[in-house]
Amino acid sequence: MTPTPPVIPGYTVHGLLGRGGMAEVWLATQDSLQRKVAMKLLLDSADGVIVIKAQRFRSLEQNRDDAIARLKELLTLATHVLPPRTPTRP
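Every value quoted in this text rests on a predicted model; they were computed, and no experiment measured them.

Caption draft 1: Looking closely at the pattern of salt bridges. Tallying each qualifying case throughout the model produces two salt bridges. The closest approach of N and O atoms between Arg19 and Glu24, which form a salt bridge, is 3.7 Å. The exposure class of Glu24 is buried, given its relative accessible area of 18%. Residue Asp65 pairs with Arg64 through a salt bridge whose shortest N-O separation is 3.2 Å. Classification of Asp65 as partly exposed rests on a relative accessible area of 41%. Arg64 gets classed as partly exposed once you look at its relative accessible area, which sits at 48%.

Right, here's the structure in full:
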């Protein structure tokens with residue numbers, strides 16, 4: 001049985017990514033920015049409150065590419081900013 005996607009204003013929900021003991025995580029698109037997000041729905045059975053937390057959905061490749069770009073920038077700065085070292089011993 002496939003769960004029915006929730007209807008949340010401002011988001012287009014695509015499908016269920018995962019489910020735990022107290023929450024479900026859904027893949028959605030934030031309509032205003034047209035970006036994919038992972039939306040966590042926490043269900044509080046005491047009063048029926050649903051808490052929504054949306055985070056930008058990024059792939060491992062995007063995270064890796066960003067890390068490599070930051071490292072390249074640091075290496076470029078280190079090679080151009082630091083003066084050459086002089087030996088401390090003869």
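Caption draft 2: Spotlight on unusual backbone geometry. Phi at Gln34 is positive, roughly 50°, even though this residue is not glycine. Mapped onto the elements of the fold, Gln34 is located in the loop between β2 (23-30) and β3 (35-44).

Caption draft 3: Geometry of the pairing of β2. Counting buried residues in β2 gives seven out of eight residues, a clear majority hidden from the surface. Alignment of strand β1 (residues 11-19) against β2, held across seven bridges, turns out to be antiparallel. Opposite Leu16, over in β2, you have Trp26 as the bridge partner. Between β1 and the antiparallel strand that follows it, β2, lie three residues.

Caption draft 4: Structural context of the side chain of Thr29. Its location among the elements puts Thr29 in strand β2. One polar contact links Thr29 to His14, side chain to side chain, over a distance of 2.5 Å. Not counting residues up to four positions away in its chain, the partners in contact with Thr29 are Gly10, Tyr11, Thr12, His14, Gln34, Arg35 and Lys36.

Caption draft 5: Main features of the side chain of Glu24. Looking at the secondary structure, you find Glu24 in strand β2. Only 3.1 Å separates the side chain of Glu24 from the side chain of Trp26, close enough to count as a polar contact. Discounting chain neighbours no more than four positions away, the residues touching Glu24 are Leu16, Gly18, Arg19, Met39, Lys40 and Leu41.

Caption draft 6: Summary view of the nonpolar core. Listed in full, the seven residues of the largest apolar core are Ile8, Val13, Trp26, Ala28, Val37, Met39 and Leu41. Of all elements in the fold, only β2 and β3 reach the threshold of two or more residues within this core. With three residues, β3 is the largest single contributor of residues to this core. Setting aside chain neighbours within four positions, we find Val13 in contact with Pro5, Pro6, Trp26, Leu27 and Ala28.

Conventions adopted
Residues numbered from 1 in each chain as written. Predicted model: local features only at pLDDT ≥ 70, side-chain atom pairs only at ≥ 80, totals over all residues. Heavy atoms only, no water. Salt bridge = Lys/Arg side-chain N within 4 Å of Asp/Glu carboxyl O. Buried < 20%, exposed > 50% of the residue type's maximum accessible area, 1.4 Å probe, protein only. Helix = DSSP H or I, 4+ residues; strand = E, 2+ residues; numbered from the N terminus. Pairing = 2+ DSSP bridges. Polar contact = N/O pair within 3.5 Å; in protein donor to acceptor, adjacent residues only side chain to side chain. Contact = heavy atoms within 4.5 Å. Core = buried A, V, L, I, M, F, W, Y, C linked by side-chain atoms within 4.5 Å.

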